[in-house]
Amino acid sequence: MLEKSISKKIWNIVGQENVVADKETRICYSYDATNLKYLPDLVVYPTTREQISEILKLANEDRFPVIPRGAGTGFTGGTLPVEGGVLLVLTKLNKILQIDPENLLAVVEPGVVTFDLQKEVEKIGLFYPPDPASLKTSTLGGNVAECAGGPRAVKYGVTKDYVLGLEVVLPTGEIISTGVQTVKSVVGYDLTKLLVGSEGTLGIITKIILRLLPLPKDKRTLLAIFPTIETAATTVSRIIGSRIIPTTLEFMDNATIRCVEDYLHLGLPVEAGALLIIEVDGVPEAISQDIREIQKICLDHQALEAKVAKDAQEAEELWKARRSVSPAVVKLNPTKINEDITVPRSKVAEILRRVEAIAQKYNLIIVNFGHAGDGNIHVNVMIDRRRPGEEERAHAAVKEIFAATLELGGTLSGEHGIGITKAPYISMELGDMGLEVMKRIKKAFDPNNILNPGKIFPDKTKAKAY
Amino acid sequence: MKTLPQVLDEARKCVKCGNCLAQCPVYQETLEEPLVARGKLGLIEAVGEENGDFSKRFNQILSQCLLCGTCTENCPNGVRADEVIRQARALLVKEKGLSLPKKAIFKYLLNSEYFLSWLLKGGASLQYLFLQRIPEESGLRLRFPLPALDSRRLIPPLAQDFFLDFHSGWVRAPKEIMRVGLFVGCVGNYLFPRLSRSALDLFLHHGVSVYIPASQRCCGLPAFGSGDEQTPLSLARKNIEAFTEESLEQIVAPCGSCASMLKLDYPLLFEASDPFQARVLAFSSKVTDASLFLAKLLGPPSAGNGPGKAARLTYHDPCHLRRKLGVFREPRNILKALPNLTYAEMPEANRCCGQGGSFNLANYDLSLQIAGRKIQAIEETGADIVVTACSGCLLQLMDGLHQQGLKKEVRHLVEMVKQATPNL
């Protein structure tokens with residue numbers, strides 16, 4: 001618990017109206033999309049970067065944890081106050097400061113909702129591509145801190161590919177600017193890239209300079225159904241091999257198809273092994289040709305059906321299947337352990353075979369869907385915590401899935417980050433020395449371990465959920 | 001909380017994904033987690049599990065919901081957040097005895113200075129006397145608990161003559177094709193009798209005989225929404241008794257909120273084993289909203305000639321009409337076919353106007369802020385007339401436009417149709 005005197009000092013920094021200490025409010029800030037719960041000691045809504053700086057200086061004097069939080073939609077616990085402390089809610093720092101069509105960039109505060117920026121820039125024919133599933137809710141500050149991805153990553157990359165520069169309050173309270181407003185720059189270490197994906201452990205982002213693209217003129221959508229995972233996976237390889245990079249290349253496995261069909265009755269064949277939803281964007285003439293070629297590749301590789309949407313409304317219908325996956329799969333079991341492993345594209349079929357074997361070994365329901373185009377698979381272990389032993393079996397299975405992923409040259413997390421949920425496994429991928437280097441970096445930024453403690457590194461994540 | 005396991009079970013279905021943040025009109029004004037469904041569900045879950053106190057703050061957080069249902073409509077996991085919040089409010093009332101608005105009334109009554117300054121405003125005090133004529137349980141009392149009113153608020157004057165004082169019993173159509181009951185509601189009786197009159201004239205004109213029981217009362221929705229389940233129960237009995245008339249094919253309510261209460265919530269008020277339940281179901285199955293009824297009565301709309309001058313109009317979807325009763329095409333089709341009028345769809349027409357029954361009372365500033373977005377959307381259409389089909393929305397839109405000094409007409413759909421009907 002924070003001492004009263006500390007709360008008083010924080011009042012003086014941000015004003016009493018921006019500090020909330022009652023338990024009811026703190027409960028409302030105790031969770032994120034992991035649905036794990038840790039109570040913060042104090043909830044603070046800072047309104048300027050100077051206030052954030054003052055609070056961090058105070059935290060170093062009085063040694064209390066400070067945790068930055070955006071919309072709280074993370075899947076690994078990045079904003080959970082696992083050691084209590086002051087939760088800095090940044091949702092109200094939500095101004096789009098500048099959209100610069102000449103230099104193709106935008107400057108935003110961290111609380112701007114991703115979708116809101118996209119709407120604004122699209123009005124003038126510009127494009128901010130990263131599209132995490134939470135984009136209508138999640139903030140750009142959170143997207144940068146977790147290096148959010150999304151379906152469009154196949155063609156357009158992820159958040160880090162769009163961050164040119166940042167303004168950051170360091171854990172010790174100093175304010176620095178990193179990066180540039182230009183396309184090129186080699187001046188010292190690339191601190192911008194280091195901060196992107198640092199999960200709020202190295203600094204609190206107060207301003208973001210984002211790169212924009214011209215908005216693609218049009219898009220075309222196709223849904224293809226395959227008898228097996230292998231035929232779908234081969235098709236994915238052939239599409240990329242034919243020098244077409246689709247905007248999105250989403251897939252669902254048989255278990256997912258069954259759930260969705262059960263839920264929506266769209267007429268999907270429940271015996272099908274896999275389903276692909278493929279979208280291309282660009283100039284109308286070019287993409288019409290691309291989508292026809294993709295359709296041909298699908299049919300040449302045993303697709304049972306490959307349907308191109310006639311118009312935007314039909315495309316929306318095709319996407320309905322993919323979008324309803326989340327509500328559809330929770331019907332299987334109440335709790336979803338959602339991993340986002342990523343393997344080289346060519347290993348997608350192989351990792352899915354291994355996951356299937358692991359599911360059988362541990363007698364678990366595992367459904368797989370996600371971004372086949374970039375090898376990022378959402379592996380969802382569906383469990384019921386009320387059944388004794390099931391959660392333990394799930395954790396053992398996840399560990400084996402991670403081992404298989406690494407063996408195939410993959411990575412533990414494509415777009416969710418490590419947070420607390422993946423922290424126990426991090427050294428499997430990084431090795432002891434790799435992890436040690438990261439700890440040294442953390443120490444250089446945050447000698448007193450003030451900022452978002454208990455995240456990424458496995459040693460101190462044993463704090464109890466309340 | 002221990003007494004309501006089904007509330008807890010439903011709250012637990014929330015996986016905290018945060019989708020509702022993008023939907024909630026209240027969250028979008030405040031950007032604070034206690035204001036959104038996810039926060040409230042998390043809180044109800046925690047308080048329930050810990051068997052915790054119903055603190056003042058808990059009460060306040062629960063009051064900060066419009067029950068507009070937008071979160072529920074868009075929840076990927078199908079959590080009925082609005083229902084959980086309403087039931088938690090009901091639990092709070094059971095435990096603490098007082099409904100939220102009543103508490104507010106008492107608070108201001110005891111604050112004599114406020115009360116007196118209010119009374120000293122001549123016109124307003126006259127209104128207060130008028131309000132004495134409205135029964136204790138009327139939803140209008142919850143919407144306008146006079147001493148608790150903010151002096152900025154626009155209150156439409158009470159009608160000199162209440163509708164039900166002058167119209168009751170059977171009014172027969174000359175060439176009768178159908179018989180219906182007319183549920184006028186508080187606003188249609190005390191504030192805008194001309195609205196009920198329009199409905200009556202229109203129905204008669206189209207060969208529909210209308211039965212108007214004088215003993216009908218408030219539908220009970222404002223009380224129900226604020227957690228009072230007893231008042232609506234007794235109102236439901238009275239209304240169902242009032243409309244006991246075998247020959248009625250339908251019971252038409254010009255207000256989407258009243259219609260939704262009568263049709264969907266009445267059956268839930270009574271235990272399944274209650275011998276009265278059969279009558280409730282018979283009653284509720286006959287209830288229909290006026291725009292749906294008119295759409296069927298008038299047949300496929302065709303733009304034609306008719307009275308009225310040229311104007312531009314737009315339509316606001318009442319939450320209860322659209323999300324609970326699923327009616328949104330019919331009002332548009334009707335309006336688009338009206339002569340001399342140009343229909344312009346406003347952006348986010350289905351976004352809540354911010355009235356939300358007792359929400360408007362306990363959180364007036366926030367309510368106005370939410371109305372502000374609606375007004376902006378209306379402005380964007382360039383419309384001269386805003387049409388809606390719910391009494392709560394009517395009052396809120398009038399107040400919202402008034403606060404911004406905008407002189408646009410706010411009209412009920414039924415009035416628009418009546419005005420456009422030749423020879424009426």
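About the thresholds
Residues numbered from 1 in each chain as written. Chains lettered and ligands numbered in written order. Predicted model: local features only at pLDDT ≥ 70, side-chain atom pairs only at ≥ 80, totals over all residues. Helix = DSSP H or I, 4+ residues; strand = E, 2+ residues; numbered from the N terminus. Rg over C-alpha atoms; globule rule 2.2 N^0.38 Å. Buried ≥ 20, exposed ≤ 12 C-beta atoms within 10 Å, placed from the backbone. Contact = placed C-beta atoms within 7 Å. Pairing = 2+ DSSP bridges. Expected span 1.5 Å × (residues − 1). Nonpolar A, V, L, I, M, F, W, Y, C, P; charged D, E, K, R; others polar. Domains from an automatic or database assignment. pLDDT = per-residue confidence, 0-100. Axes fitted to C-alpha atoms, helices over the stretch in contact; angles between N-to-C directions. Core = buried A, V, L, I, M, F, W, Y, C linked by C-beta atoms within 7 Å.

## Observations regarding the overall build of chain A
When its secondary structure is counted, chain A shows 15 helices and 18 strands. Against the globule reference of 23 Å for 466 residues, chain A gives a C-alpha radius of gyration of 23 Å, in line with a compact fold. If one aligns the C-alpha atoms of chain A with their principal axes, the spans along those axes are about 70 × 60 × 40 Å. Of all 466 residues assigned to chain A, the portion counted as buried reaches 51%. Taking all contacts inside chain A whose residues are at least 6 apart in sequence as the whole, residues at least 24 apart take part in 72%.

## Topic: the overall build of chain B
When its secondary structure is counted, chain B shows 24 helices and nine strands. Every one of the 424 residues in chain B was classed for burial, and the buried ones make up 51%.

## A word on the pairing of strand β9 (residues 175-179) of chain A
All names here are of chain A. Bridge count between strand β8 (residues 163-169) and β9: five bridges; the pairing is antiparallel. Looking at the pairing, Gly165 lines up with Gly179 of β9. In sequence, β8 turns back onto β9 through a hairpin of five residues, with Gly173 there showing a positive phi of about 105 degrees.

## Structural notes on helix α3 (residues 37-49) of chain B
Since the α-helix turns once every 3.6 residues, residues separated by three or four places project in the same direction. Residues and elements named next belong to chain B. Over its 13 residues, α3 extends 18 Å from the first C-alpha to the last, a length consistent with the 18 Å expected when each residue adds 1.5 Å. With 12 of 13 residues buried, α3 is to be regarded as a mostly interior element. Along α3, the residues classified as buried are Ala37, Arg38, Gly39, Lys40, Leu41, Gly42, Leu43, Ile44, Glu45, Ala46, Val47 and Gly48.

## A look at the interface of chain A and chain B
Listed per partner, the contact involves 21 residues of chain A and 21 residues of chain B. Listing elements by their share of the side of chain A that touches chain B, those giving two or more residues are α2 (23-28) and α12 (325-329) of chain A. With four residues, the top contributor of residues to the side of chain A that touches chain B is α2 of chain A. Class assignment of the residues belonging to the side of chain A that touches chain B gives a composition of eight nonpolar, eight polar and five charged.

## Section: unusual backbone geometry
With a phi angle near 50 degrees, Asn449 of chain A is a residue other than glycine that sits in the positive phi range. Residue class for Asn449 of chain A comes out partly exposed when judged on the 17 C-beta atoms lying within 10 Å of it. Unusually for a residue other than glycine, Glu348 of chain B sits at a positive phi of about 50 degrees. Within the fold, Glu348 of chain B resides in the loop between β7 (341-343) and α21 (358-362). Judged by the 14 C-beta atoms lying within 10 Å of it, Glu348 of chain B falls in the partly exposed class.

## Focus on the domain arrangement of chain A
Residue and element names in this part refer to chain A. Segmentation of chain A into domains returns domain 1 (4-91), domain 2 (96-214), domain 3 (218-327) and domain 4 (332-423). In this complex, domain 2 contributes 10 residues to the contact, which on the side of domain 4 involves 10 residues. In the side of domain 2 that touches domain 4, the residues fall into six nonpolar, two polar and two charged.

## Thoughts on the sheet that holds strand β2 (residues 42-44) of chain A
Taken in spatial order, the four strands line up as β1-β2-β4-β3 (chain A) in an open sheet, and their pairing is mixed. This sheet does not close on itself; its edge strands, each paired only once, are β1 (19-20) and β3 (66-69) of chain A.

## Observations regarding the confidence of the model for chain B
Here chain B shows a mean pLDDT of 86. Residues at 70 or above account for 85%. Every residue in residues 103-126 of chain B scores below 50 in pLDDT, and together they form 19 contacts with partners more than four places removed in sequence or on other chains.

## As for the sheet that holds strand β6 (residues 105-108) of chain A
Residue and element names in this part refer to chain A. Strand order in the open sheet formed by five strands is β5-β6-β10-β8-β9, and the pairing between neighbours is antiparallel. At either end of the open sheet lies a strand with only one pairing partner, and these are β5 (96-100) and β9. Averaged over neighbouring strand pairs, the angle between their axes works out to 10 degrees when direction is ignored. Inspection of the sheet shows β6 paired to strand β10 (residues 204-211) by four bridges, in the antiparallel sense. Directly across from Ala106, in β10, lies its bridge partner Leu210.

## Examining the environment of Leu87 of chain A
Residues and elements named next belong to chain A. Residue position: Leu87 is located in strand β4 (residues 86-89). A residue is classified by how many C-beta atoms lie within 10 Å of it, and Leu87, with 26 of them, is buried. Between the C-alpha atom of Leu87 and that of Pro68, which follows or precedes it by 19 residues, the distance is 6.0 Å. Every residue in contact with Leu87, bar those within four places of it in the chain, is listed here: Tyr29, Pro40, Leu42, Val43, Val44, Ile67, Arg69 and Pro81.

## Considering the environment of Gly306 of chain B
All names here are of chain B. Relative to the helices and strands, Gly306 is located in the loop between α18 (290-298) and β6 (311-315). Overall, the presence of 16 C-beta atoms within 10 Å leaves Gly306 in the partly exposed class. Sequence separation between Gly306 and Leu268 is 38 residues; the distance between their C-alpha atoms is 44 Å. Not counting residues up to four positions away in its chain, the partners in contact with Gly306 are Pro339, Ala420, Thr421 and Pro422.

## Quick word on the nonpolar core
By size, the foremost hydrophobic cluster in this structure holds 242 residues, and its most contacted members are Val44, Ile55, Leu88, Leu210, Ala224, Leu275 and Leu276 of chain A. The element best represented in this core is helix α6 (residues 81-96) of chain B, accounting for eight residues. Membership of the second largest hydrophobic core comes to seven residues, among which are Tyr38, Leu80, Val82 and Ile418 of chain A.

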